[in-house]
Amino acid sequence: MGLHNFLKEYIHGFWDYETPKVMVVKNRTLGVIYRSVQFLVITYFIWYVFISQKAYQESETRPESSVYTLMKGSAIHGDEILDTVEYARPSEGGDVISTILRREFTFNQRQDTCAEHFNVADANCTTDSDCVEGEVNFNGHGRRTGRCVQYYNHTFKTCEIQTWCPIEEYAVVREPPLEEAINFTVFIRNSIHFPKFKVLRGNIKDARNKRDIKRYLNKCHYDEESDPYCPIFRLGYIAAQARENFSELLFHSGKGGVIGVFINWKCNLDLDPSHCKPTYSFRRLDLRKDLPDAGYYYRFAKYYSKDGEETRTLIKAYGIRLDIIVHGHAGKFSPIPTIISTVTAMTSVGICTIICDWIMLTFIDKNEVYSERKFDEVSNKKRYSFSATQFHLFL
Amino acid sequence: MGLHNFLKEYIHGFWDYETPKVMVVKNRTLGVIYRSVQFLVITYFIWYVFISQKAYQESETRPESSVYTLMKGSAIHGDEILDTVEYARPSEGGDVISTILRREFTFNQRQDTCAEHFNVADANCTTDSDCVEGEVNFNGHGRRTGRCVQYYNHTFKTCEIQTWCPIEEYAVVREPPLEEAINFTVFIRNSIHFPKFKVLRGNIKDARNKRDIKRYLNKCHYDEESDPYCPIFRLGYIAAQARENFSELLFHSGKGGVIGVFINWKCNLDLDPSHCKPTYSFRRLDLRKDLPDAGYYYRFAKYYSKDGEETRTLIKAYGIRLDIIVHGHAGKFSPIPTIISTVTAMTSVGICTIICDWIMLTFIDKNEVYSERKFDEVSNKKRYSFSATQFHLFL
Amino acid sequence: MGLHNFLKEYIHGFWDYETPKVMVVKNRTLGVIYRSVQFLVITYFIWYVFISQKAYQESETRPESSVYTLMKGSAIHGDEILDTVEYARPSEGGDVISTILRREFTFNQRQDTCAEHFNVADANCTTDSDCVEGEVNFNGHGRRTGRCVQYYNHTFKTCEIQTWCPIEEYAVVREPPLEEAINFTVFIRNSIHFPKFKVLRGNIKDARNKRDIKRYLNKCHYDEESDPYCPIFRLGYIAAQARENFSELLFHSGKGGVIGVFINWKCNLDLDPSHCKPTYSFRRLDLRKDLPDAGYYYRFAKYYSKDGEETRTLIKAYGIRLDIIVHGHAGKFSPIPTIISTVTAMTSVGICTIICDWIMLTFIDKNEVYSERKFDEVSNKKRYSFSATQFHLFL
């Protein structure tokens, strides 16, 4: 075959249309099975892919979110009043905010020498020779001076150390917990932006009248049922929703904890953006309440000058930390995912033929009428008889 | 049919090759339609899937990112100079940093008793019997002592409360805003790591000469046009890019705000990694400027000892918070997504046959020449005539 | 054809089953090729898609995570002992925590007038006329008063400025680094929650006996080999794993840095959840050690009242910042992804036919026996001879 013929054929053949040859089986049983399988596949696609998964939508799952928090409330403590500046930390109002529930003070610490705590390994001593000068025990509080001294106003002796004196374990003053904390509120302002769809939404109730909002925000407390669009949350409500007993956080273990405040945005932007509203959920994030290091606490100090020397009040604060976590998902109709899903649906219908072929050749094709017509054997050598059993091998 | 025959057939049949039978339609119209549809599908795949979506690339969308920020600049305030330690908080240089624009001071507060603010519900009184001892109003400042006292140096009376005295609303001293803040700069160092591709990039201009960089970083300010690789941003520039009027942030509402600094890395790692450079965008993240709780402010206190008593200066600080948000996406050629996309493309070409079969049997197949040859009817009972109308049902 | 006939055909045709006609080629070579290609495709799917990619699992890649950190250790500094309250910041124990390695103090700063640093542009002067009153140099420290004064106790003169005096560059006192920091430990508690699967896991070793854990957590240090489930990390270990020389961080450049602590959860929830355990990795996150602004430092101040005036100690702290970054991935068997992957696998087998058809028609079909039987030409006009060359066009 020369080049001339090749080109001629090429040009002729190019504009031909090819389509598979099909055998039409006039068998009611098979027809019903085929249509049933087809119906199942199509129903699955329409229901699961299109309706449930919204595969016709372009989606955005990582929106830009901004959180601002502000704590409010006051607690009474004997003659002392604690306001937000005292118990809320950090003060800058980011997406992690903690409130103090209980404090342990060590007053008037200064750089000095004093007795090590008796629980620290090798700290108990009777003479100076029991204490190695310069030694630092990792679980201890400072560097040993090499002297053995009386343990504050007790009768036994421990090694003297150089540290912030007096040590916390000895001088600590435990405050009762702030029971009023259950009524503290946290204002959470969250705005969310879906850059792909240029939609910006906030979690504060819409209203035409500015005064109305102001009045509403001054007195409302979030409640899933009665006030779903109020962004002010009572700590007690948060703890209850996270299935934590508030008084247990305060008293029993008294160790505080970390609670996640989840703001979930699930927006179908084929509807009006005003339908795009957040839902809230609450869950305790730390676990292992029975561990020695469970709960949430941190230490900080207030420094001041006393008699010209730097002095500090060490505060060990047990509290609740709120981690505000925003999840967002938005979807909007877009032609390309629609086309892709439709094409996938159509090609998936092909699975029906595989199933029905298997049924036909195995159960229905008694006299090999169908297989004879479906399969056209071509051989250079000789012909075999052919039956349905072979079909099993394809699958 | 015995087992012997079955096995014989199985072994013979296993090495047979099966291929669909095809009808070649020598019809120029249909051929043109078929090739056009095929051309569209293939063009779509090459353009959209391969070129636009880069489906031949393996991608990484959640890189590891590290942000370090440092504020610079000084503001003059009467006789006082504010430097970065005074106005930038928190000081640790993370991905959220705020600068103070305006401060409201309440000096010399201490734990004491004083008059409640007259705006608080039920705070106005004429005699002691109007004030319930021990009562705490949530929007108030502390616990009522049960006495009715003169409201500071005014003529009317309010209930006395136990709190940090004097109360903020009465004693507040409002500072004028820091107009120099428009010239404050924030240095943002961002490095990004794509673990899948082992690529590490930073946002600071490359240069052979260390001295050159040092000199450049000492004087450059980021500008999209003239200095795209300088990591030092003027606050005024950031506000302008976020379409905010800086003086409005300072004066009019004077409530500050939250601005997002977005660092976008879109890296095609099939090119040299040096092409992988960030772009910046800026957007105001909080909304609802007209709400009572709009803007960005927080309160903190400076503590000191006065006459042996703990005293504090309460500071309500309005400011700008910058949230630095990093988005990263990197792609690199990989055989597996290429194969998957190619196979998908090839199977999608099958959609052409469905369309063209429909056209052929509906519009072109006048004399049922094609349908007669395409469809081979098999029936155990009798034969029906068959025509194109039936084809509609498949789709 | 009337409506009556149409409906009759429609109803008859609807329950027909259609299946493609197939040509069986009894050719051993082609059969072997076909089965080999099929074997490759099926092997790829089983191995890559099902075993390696676990496509039969529903997966969750963005779990809810909570991190709590606590630093421990003490450092000796001449007569001063630094404990965690002094060197760890911020104190609240979030997912970013830094420790100070080296401090530079500027003591007793107060709002005053003093000489500008001589390195600042135009700061050197001989007479008052060299200094413009009210000028603020951006790289300088404050506002010029218009006087030319002696540079502290030196012989040359610079412009006087109004600022926190004395300026840092002149009065700075550099402390030696905290060599003990190598033995500081950071306790990292991480809990992770996969909401889709309702699985909650923590990174602390499980044990039946509370006392056992307490004793273990009191003395263990994380080590990949010997203590993989201890959540307490030595700073020296972290630096070594991040391939950083700790003493270089302290001394040589002495500029600190940012190190990422990556907690990776890869959970196959088809197994028991107790197999879901984290692995840790460490990597330096900042780069460009040779840049002037490399490393990690921040400034903060301690305020106190001296002779009735607000005075501060400015501290420039070089340190290590640890960014704790949690990655989580969980997968669990689910019928829908399994069906989708299986269907995709089955349709992908169709690619074998395309390859083998091409081989058959190009290399094996010498006498056009196969193409004659495979292709059935239909034309209204005339018939062309048809050969394998045409097949190339389909691909």
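Thresholds applied
- Residues numbered from 1 in each chain as written.
- Chains lettered and ligands numbered in written order.
- Predicted model: local features only at pLDDT ≥ 70, side-chain atom pairs only at ≥ 80, totals over all residues.
- Heavy atoms only, no water.
- UniProt positions renumbered as here; feature names shortened; annotations may be inferred.
- Helix = DSSP H or I, 4+ residues; strand = E, 2+ residues; numbered from the N terminus.
- Contact = heavy atoms within 4.5 Å.
- Areas by Shrake-Rupley, 256 points an atom, 1.4 Å probe, with all protein chains shown as cover.
- Least-squares fit on C-alpha atoms with pLDDT ≥ 70 in both.
- Buried < 20%, exposed > 50% of the residue type's maximum accessible area, 1.4 Å probe, protein only.
- Buried area = accessible area lost by both parts, 1.4 Å probe.
- Salt bridge = Lys/Arg side-chain N within 4 Å of Asp/Glu carboxyl O.
- Polar contact = N/O pair within 3.5 Å; in protein donor to acceptor, adjacent residues only side chain to side chain.
- Nonpolar A, V, L, I, M, F, W, Y, C, P; charged D, E, K, R; others polar.
- Pairing = 2+ DSSP bridges.
- Expected span 1.5 Å × (residues − 1).
- Axes fitted to C-alpha atoms, helices over the stretch in contact; angles between N-to-C directions.

The record held by UniProt for chain A lists under Catalytic activity (unreviewed entry) the comment "Ca(2+)(in) = Ca(2+)(out)". Under the Subunit (unreviewed entry) heading, UniProt states for chain A: "Homotrimer and heterotrimer; functional P2XRs are organized as homomeric and heteromeric trimers. Homotrimer. Forms heterotrimer with P2RX1. Forms heterotrimer with P2RX6. Forms heterotrimer with P2RX3."

A.B. asks: I'd love a proper account of the overall build of chain A, names of residues and values included.
C.D. replies: Within chain A, the secondary structure is distributed over 10 helices and 19 strands. In chain A, once contacts between residues fewer than 6 apart in sequence are set aside, the share between residues at least 24 apart is 67%. For chain A, the exposed surface amounts to about 18,300 Å²; the carbon and sulfur share of it is 53%.

A.B. asks: Outline the relation of the copies chain B and chain A, supporting the account with residue identities and numerical values.
C.D. replies: Least-squares fitting of chain B to chain A yields an RMSD of 0.1 Å, with the transformation described by 0.0 Å of translation along the axis and a rotation of 120°. Here the transformation between the copies is reduced to the relation of a three-fold axis. Within chain B, the C-alpha atom positioned nearest to the axis of rotation is that of B:K21, 3.2 Å from it.

A.B. asks: An account of the UniProt feature "binding site: ATP" (unreviewed entry) in chain A is requested, with residue identities and associated values reported.
C.D. replies: Under the feature "binding site: ATP" (unreviewed entry), the UniProt entry names A:T185 and A:K316. Spatial dispersion of the annotated residues is evident: they stretch over 132 residues in sequence, and the largest pairwise C-alpha distance comes to 22.7 Å. By secondary structure assignment, the location of A:T185 is in strand β12 (residues 185-194). On the basis of relative accessibility, which here comes to 3%, the residue A:T185 falls in the buried class. Other than its neighbours up to four places away in sequence, A:T185 contacts A:L70, A:M71, A:K72, A:H221, A:I232, A:F233, A:R234 and B:F138. Contact partners of A:K316, with chain neighbours within four places excluded, come to A:R102, A:R103, A:E104, A:E168, A:Y297, A:Y298 and A:R299.

A.B. asks: Talk me through the interface of chain B and chain A; I want residue IDs and the actual numbers.
C.D. replies: Opposite the 86 residues of chain B that make contact, chain A presents 73 residues. Counting the surface lost from both chain B and chain A, the interface buries some 7,400 Å², and carbon and sulfur atoms represent 55% of this. For the pair chain B and chain A, the number of links is seven salt bridges. For the pair chain B and chain A, the interface holds 25 residue pairs in polar contact (both at pLDDT 80 or more). Per-element accounting of the side of chain B that touches chain A gives the leading share, eight residues, to helix α2 (residues 28-52) of chain B. Class assignment of the residues belonging to the side of chain B that touches chain A gives a composition of 41 nonpolar, 19 polar and 26 charged. Two strands pair when backbone bridges link them, and strand β2 (residues 22-25) of chain A and strand β19 (residues 375-378) of chain B are joined in this way by four bridges, in the parallel orientation. Residue pairing across strands places A:M23 opposite B:D376, the latter belonging to β19(B).

A.B. asks: If you had to explain the interface of chain C and chain B to someone new, which residues and values would you point to?
C.D. replies: Facing the 85 residues of chain C at the interface are 72 residues of chain B. Counting each side, the surface lost to burial between chain C and chain B is near 7,400 Å², with a carbon and sulfur contribution of 55%. Two residues, B:R189 and C:D286, come together in a salt bridge whose shortest N-O distance is 3.7 Å. Counting across the interface, chain C meets chain B through 25 residue pairs in polar contact (both at pLDDT 80 or more). Counting residues per element, the side of chain C that touches chain B draws most heavily on helix α2 (residues 28-52) of chain C, which supplies eight residues. Across the side of chain C that touches chain B, the residue classes tally to 40 nonpolar, 19 polar and 26 charged.

A.B. asks: Which residues make up helix α8 (residues 335-348) of chain C, and what values do they have?
C.D. replies: The terminal C-alpha atoms of α8(C) lie 20 Å apart, and with 14 residues this matches the ideal 20 Å at 1.5 Å per residue to within 8%. Buried within α8(C) we find C:P337, C:T338, C:S341, C:V343, C:A345 and C:S348.

A.B. asks: Outline the sheet that holds β2(A), listing residues and values.
C.D. replies: Ordered in space as β19(B)-β2(A)-β1(C), the three strands form an open sheet in which the pairing is mixed. Lying at the two open borders of the sheet, with one neighbouring strand each, are β19 of chain B together with β1 (17-20) of chain C. Strand-to-strand twist of the sheet, defined as the mean angle between neighbouring strand axes without regard to direction, takes the value 25°. Bridge count between β2(A) and β1(C): four bridges; the pairing is antiparallel. Residue pairing in the sheet places A:V22 in a bridge with C:P20 of β1(C).

A.B. asks: Outline the pairing of strand β13 (residues 199-202) of chain A, supporting the account with residue identities and numerical values.
C.D. replies: Residues and elements named next belong to chain A. Relative to β13, β12 runs antiparallel, the two being bridged by four bridges. By the bridge assignment for β13, F194 is matched with V199. With antiparallel pairing between neighbouring strands as the criterion, β12 and β13 make up a hairpin whose turn holds four residues, including K198 at a positive phi of roughly 55°.

A.B. asks: Lay out the UniProt feature "transmembrane region" (unreviewed entry) in chain A in plain terms, naming residues and giving numbers.
C.D. replies: All names here are of chain A. Under the local residue numbering, the UniProt record ascribes the feature "transmembrane region" (unreviewed entry) to residues 32-50 and 339-364. Annotated as 100% helix and 0% strand, the span residues 32-50 places its first and last C-alpha atoms 26 Å apart. Taken end to end, residues 339-364 is 96% helix and 0% strand, and its first and last C-alpha atoms sit 37 Å apart.

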